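# A structural walkthrough
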Amino acid sequence: MKIIAFGASPSKNSINKKLATYAAGLFENGEVEVLDLNSYRMPVFSVDIEEEMGEHPLAQKFLDKIAGANILVVSMAENNGNYSVAFKNVFDWCTRINAKVFQEKPMLLMATSTGAKGGVNVLGIAKDAFPYYGGNIKATFLLPSFDVNFDIENGKISNPEFDKQLKEIVRNF
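None of these values were measured; they are calculated from a predicted model.

## So, the packing of aromatic side chains
- One pass over the full model with this rule turns up 15 aromatic pairs.
- Centroid distance F87 to F91: 5.7 Å. Interplanar angle 25 degrees. Geometry classified as stacked. Placement of both F87 and F91 in helix α4 (residues 85-95) is noted, with a separation of four residues, approximately one turn of the helix.
- We classify F91 as buried; its relative accessible area is 6%.
- Taken together, the ring pairs connect F6, Y40, F62, Y83, F87, F91, F102, F130 and Y133 into an aromatic cluster.

## Topic: the sheet that holds strand β5 (residues 136-143)
- The five strands lie next to each other as β2-β1-β3-β4-β5, forming an open sheet whose pairing is parallel. Each edge of the open sheet carries a strand with a single partner, namely β2 (31-35) and β5. In this sheet, adjacent strand axes meet at a mean angle of 20 degrees when their direction is disregarded.
- Note that strand β4 (residues 106-112) and β5 share seven bridges and pair parallel. The residue of β5 that forms the bridge with M107 is I137.
- Relative to β4, helix α1 (residues 15-25) is tilted by about 140 degrees, and along the sheet it contacts β1 (2-8), β2, β3 (71-76), β4 and β5.
- Lying on the sheet, helix α3 (residues 57-67) is in contact with β1, β2 and β3; it crosses β2 at an angle near 160 degrees.

## Concerning the environment of D151
- Mapped onto the elements of the fold, D151 is located in strand β6 (residues 150-151).
- When the C-alpha atoms of D151 and K65 are compared, they prove to be 29 Å apart, with 86 residues separating the residues in sequence.
- Apart from the residues lying within four places of it in its own chain, the contact partners of D151 are K156 and S158.
- Engagement of the side chain of D151 in a polar contact is seen with the backbone nitrogen of E153, the distance being 3.2 Å.

## Some points on the packing of α3 against α4
- Where α3 meets α4, the closest approach of the two axes is 9 Å, and the angle between their N-to-C directions is 90 degrees. Judged by the angle between their axes, α3 and α4 are roughly perpendicular. Together, A59, F62 and L63 of α3 and V90, W93 and C94 of α4 make up the contact between the two elements.
- Looking at side-chain class alone, the contact of α3 with α4 contains six nonpolar, no polar and no charged residues.

The rules behind the values
Residues numbered from 1 in each chain as written. Predicted model: local features only at pLDDT ≥ 70, side-chain atom pairs only at ≥ 80, totals over all residues. Heavy atoms only, no water. Phe/Tyr/Trp six-rings, centres within 6.5 Å; stacked < 30°, edge-to-face > 60°. Helix = DSSP H or I, 4+ residues; strand = E, 2+ residues; numbered from the N terminus. Buried < 20%, exposed > 50% of the residue type's maximum accessible area, 1.4 Å probe, protein only. Pairing = 2+ DSSP bridges. Axes fitted to C-alpha atoms, helices over the stretch in contact; angles between N-to-C directions. Contact = heavy atoms within 4.5 Å. Polar contact = N/O pair within 3.5 Å; in protein donor to acceptor, adjacent residues only side chain to side chain. Parallel < 35°, antiparallel > 145°, perpendicular 65-115°, else oblique. Nonpolar A, V, L, I, M, F, W, Y, C, P; charged D, E, K, R; others polar.

If you want it as structure tokens, here you go:
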């Protein structure tokens, strides 16, 4: 079973990438590939740029990764209450090739932040929007106060309550 995981942030130390990596590793018999949004840097999308250069090959590469997955594990970064610009740009380029970006792959959709709300706004936006783009959201998970509830050194959730909740979601996925 192929699992594609990514944090929707370009940060080199993305907490959402750390959460997605941990969650993806909880699936039994899963072959996990963690994508880095920095590998998909493209010009800021505009129809003018698209007209000049056509479909961007990195957008196709991202779509190909999703096509090869059995499960998607995505953790959304919240920037000013919305998607990160890096994720939105990859997403925009991809929709021009295939409007169903997520290709109906079963998805565990998550968010975390260092704040007490844990990215609740972006999780809500993504949960509402992704089904229109082929997002087959099977479960959601929110981890508030990442710095308090995640052990960066060991790469796992340190809060037993949240860890149990995520493990149950994965078990029932």
